[in-house]
Amino acid sequence: MTYDDGAERDPRFIDLVRERRLPVSMFLTDSVVGPGYGHFARLRSVGASLQNHTLDHPALRGLPYAGQRAEICGQQRKLKSRFGIRPHLFRPPYGTYDATTLRAAADCGIAAVVLWRITLEGDGTLTYTRGAHRPAPGDIISVPAGETPPLTLAERTTRLLRVLEEQGLKVGRLEDHLR
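Residues numbered from 1 in each chain as written. Predicted model: local features only at pLDDT ≥ 70, side-chain atom pairs only at ≥ 80, totals over all residues. Heavy atoms only, no water.

Caption draft 1: Geometry of the state of the cysteines. Here the structure, examined in full by the defined rule, presents one disulfide. The side chain of Cys-73 participates in a disulfide bridge whose partner is Cys-108; the two sulfur atoms lie 1.8 Å from each other. Looking along the S-S bond of the Cys-73-Cys-108 disulfide, the torsion reads about -100 degrees, which is the left-handed sense. Of this pair, Cys-73 sits in helix α4 (residues 65–83) while Cys-108 sits in the loop between α5 (99–107) and β5 (112–113); the two residues are 35 residues apart in sequence, bridging distant segments of the chain. In this structure Cys-73 comes out as buried when scored by relative accessible area, which is 6%. Assessed through its relative accessible area of 2%, Cys-108 is described here as buried. (Disulfide = S-S within 2.5 Å. Helix = DSSP H or I, 4+ residues; strand = E, 2+ residues; numbered from the N terminus. Buried < 20%, exposed > 50% of the residue type's maximum accessible area, 1.4 Å probe, protein only.)

What follows is the structure in structure tokens.
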């Protein structure tokens, strides 16, 4: 389960991650997180993985190398200064990227660019980019930030966990499945 941007700071989500020992990956955007880095320090302390989603969340495809590198490496530096970590995973905003993105990401120390097949919407429903319309082993689920979604992050995640458990699926640590 992957969470994008860092706009939603639901304190009950931290409790859920801690209590269920959920292996979640947070792809953070500096301009969205803003002063909320303390929230993500708490999430990290209960086991969340913090990864790179750029400084300002631009659509990267078609941007010059220097601009893409500044967005990706800049967020690497921010996360290093805030948390002492250099992420090795990167999610391009909107899922758009090109060969220049891949080169810039690699030059910034990124080992893998992570996309997704399933999106958990603000109302708790799942949408699929391709394939069967049900979760399957190995699926990456994206939880984008919403503009005041009807359900809290903890509520959406709890619903998703129920769906996965009903299908006999378990949440795995993303980094364990990327090589």
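More follows now that the structure is in view.
Caption draft 2: Spotlight on unusual backbone geometry. Of note, the phi angle at Asp-5 is positive, near 80 degrees, even though the residue is not glycine. Within the secondary structure, Asp-5 sits in strand β1 (residues 2–5).

Caption draft 3: Examining the packing of helix α3 (residues 37–45) against α4 more closely. Where α3 meets α4, the closest approach of the two axes is 11 Å, and the angle between their N-to-C directions is 70 degrees. In terms of axis orientation, α3 runs roughly perpendicular to α4. The segment α3 lies against α4, with Tyr-37, Phe-40, Ala-41 and Arg-44 engaging Gln-75, Lys-78, Leu-79, Arg-82 and Phe-83. Across the contact of α3 with α4, the residue classes tally to five nonpolar, one polar and three charged. (Axes fitted to C-alpha atoms, helices over the stretch in contact; angles between N-to-C directions. Parallel < 35°, antiparallel > 145°, perpendicular 65-115°, else oblique. Contact = heavy atoms within 4.5 Å. Nonpolar A, V, L, I, M, F, W, Y, C, P; charged D, E, K, R; others polar.)

Caption draft 4: Examining helix α1 (residues 11–20) more closely. What α1 keeps buried is the set Phe-13, Ile-14, Leu-16 and Val-17. The arc enclosing the buried residues of α1, seen along the axis, measures out at 160 degrees, which places them on a common side. Structural note: α1 exposes Pro-11 and Glu-19 on the side pointing more than 90 degrees away from its buried face. Looking at the buried residues of α1, the elements they touch are β1, β2 (25–28), α3 and α6 (153–166). Measuring from the backbone nitrogen of Arg-12 back to the side-chain oxygen at the start of α1 gives 2.9 Å, which picks out Asp-10 as the cap. Of the residues one or two after α1, Arg-21 is the one with positive phi, at around 50 degrees. (Arc of directions from axis to C-beta. Polar contact = N/O pair within 3.5 Å; in protein donor to acceptor, adjacent residues only side chain to side chain.)

Caption draft 5: Main features of the environment of Val-32. Positionally, Val-32 belongs in helix α2 (residues 30–33). Taking the C-alpha atoms as reference points, Val-32 and Asp-4, separated by 28 residues in sequence, lie 9.9 Å from one another.

Caption draft 6: Representation of the packing of aromatic side chains in the model. One pass over the full model with this rule turns up two aromatic pairs. Residues Tyr-3 and Phe-13 carry aromatic rings whose centres are separated by 4.8 Å and whose planes lie at 55 degrees to one another, so their mutual orientation is tilted. With Tyr-3 in strand β1 and Phe-13 in helix α1, this pair connects stretches of sequence that are ten residues apart. Residue classification places Tyr-3 among the buried positions, given a relative accessible area of 2%. Among the residues examined, Phe-13 registers a relative accessible area of 0% and is labelled buried. Here the guanidinium or amino end of Arg-91 rests over the ring plane of Phe-27, the centre of that ring lying 4.7 Å away. We note Arg-103 situated over the ring of Tyr-65; from NZ or CZ to the ring centre the distance is 4.0 Å. (Phe/Tyr/Trp six-rings, centres within 6.5 Å; stacked < 30°, edge-to-face > 60°. Lys NZ or Arg CZ within 6 Å of the ring centre and 35° of its normal.)

These results come straight from atomic positions and should not be treated as a statement about function.
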